[in-house]
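The primary structure of each chain is shown beneath.
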Amino acid sequence: MKHFEAIDRTLDWGSYARFSCCCNVIGFAAFLEGALRQIVVIGAGTMGNGIGHTAAASGFDVTLIDVSEAILERGMSTISANLQRGVDKGKITAEDKQQVLGRIRATSDVAAA
């Protein structure tokens, strides 16, 4: 549980421990609803941008951190393209896309987390 030291200590850790083994981001977001409002994702590659996208779409403020500005730009571009695909399919609106993108802050400064 050392990875989640920043989580509010009022959580029921017994429930968390049973839940944590195979949780996905959406399930994790539902479990922590109200207890956590900001998520920091270190790494903007394939997994990192996917986690950031899903967390932001779930309503969380996301800070996406990577050592390279080029990787951050590529990650944000991938998130934008994936959201646009949802707009094109009619699953989300263009406004929803902008709201999700607005919840994601990309930086190479770890201190910004």
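Note that the structure is a prediction, hence the values are computed from the model and not measured.

*Asks:* Hey, could you go over the overall build of the protein chain for me, with residue numbers and the actual values?
*Replies:* Of the regular secondary structure elements, the protein chain holds five helices and three strands. The order of helices and strands in the protein chain, counted from the N terminus, is α-α-β-α-β-α-α-β. In the protein chain, of all internal contacts separated by at least 6 residues, the share reaching a separation of at least 24 is 51%. Accessible surface, the protein chain: about 6,900 Å² in total, of which carbon and sulfur atoms supply 54%.

*Asks:* How would you summarise the environment of Arg85 if you had to cite specific residues and measurements?
*Replies:* Looking at the secondary structure, you find Arg85 in helix 4 (residues 69-88). For the pair Arg85 and Lys97, spaced 12 residues apart in sequence, the C-alpha separation works out to 10.0 Å. For Arg85, the side chain forms a polar contact with the side chain of Asn82, separated by 2.5 Å.

*Asks:* Talk me through helix 5 (residues 94-102); I want residue IDs and the actual numbers.
*Replies:* At 3.6 residues per turn, the α-helix brings residues three or four places apart onto the same side. Among all positions in helix 5, only Lys97, Val100 and Leu101 are buried. One side of helix 5 carries all its buried residues, which in axial view fall inside an arc of 95 degrees. When the buried face of helix 5 is taken as reference, the exposed residues oriented beyond 90 degrees from it are Glu95 and Gly102. Of the surrounding secondary structure, the elements contacted by the buried residues of helix 5 are helix 3 (46-57), helix 4 and strand 3 (104-107).

*Asks:* How would you sum up the sheet that holds strand 1 (residues 38-42)? Please name residues and give values.
*Replies:* Taken together, three strands build an open sheet; the order of strands is 1-2-3 and the sheet is parallel. At either margin of the open sheet sits one strand with a lone partner, and together these are strand 1 and strand 3. Recorded for the sheet is a direction-independent mean angle of 20 degrees between the axes of neighbouring strands. Packing of helix 4 onto the sheet brings it into contact with strand 2 (61-65) and strand 3, and relative to strand 3 it is tilted by some 160 degrees.

*Asks:* Talk me through helix 3; I want residue IDs and the actual numbers.
*Replies:* Under the 1.5 Å per step criterion, the end-to-end length of helix 3 is 17 Å for 12 residues, consistent within 8% with the ideal 16 Å. Those residues of helix 3 that fall on the buried side of the exposure criterion are Gly48, Asn49, Gly52, His53, Ala55 and Ala56. A positive backbone phi angle near 105 degrees is found at Gly59, which sits one or two residues after helix 3.

*Asks:* An account of the nonpolar core is needed here, citing residue identities and associated values.
*Replies:* Of all hydrophobic cores here, the largest spans 16 residues; its most connected members are Ile39, Val62, Leu64, Met76, Ile79 and Ile104. The element best represented in this core is helix 4, accounting for four residues. Ignoring sequence-local partners within four residues, the contact set of Ile79 consists of Asn49, His53, Leu64, Leu101 and Ile104.

*Asks:* I'd love a proper account of the pairing of strand 1, names of residues and values included.
*Replies:* Only one face of strand 1 is buried: it carries Ile39 and Val41, and the other face, with Gln38, Val40 and Ile42, is open. Alignment of strand 1 against strand 2, held across five bridges, turns out to be parallel. Within strand 2, the position partnered with Val40 by the bridge is Thr63. Following the chain from strand 1 across helix 3 to the adjacent parallel strand 2, one finds a crossover that is right-handed.

The rules behind each value
- Residues numbered from 1 in each chain as written.
- Predicted model: local features only at pLDDT ≥ 70, side-chain atom pairs only at ≥ 80, totals over all residues.
- Heavy atoms only, no water.
- Helix = DSSP H or I, 4+ residues; strand = E, 2+ residues; numbered from the N terminus.
- Contact = heavy atoms within 4.5 Å.
- Areas by Shrake-Rupley, 256 points an atom, 1.4 Å probe, with all protein chains shown as cover.
- Polar contact = N/O pair within 3.5 Å; in protein donor to acceptor, adjacent residues only side chain to side chain.
- Buried < 20%, exposed > 50% of the residue type's maximum accessible area, 1.4 Å probe, protein only.
- Arc of directions from axis to C-beta.
- Pairing = 2+ DSSP bridges.
- Axes fitted to C-alpha atoms, helices over the stretch in contact; angles between N-to-C directions.
- Expected span 1.5 Å × (residues − 1).
- Core = buried A, V, L, I, M, F, W, Y, C linked by side-chain atoms within 4.5 Å.
- Right-handed = clockwise from strand over helix to strand, strands pointing away.

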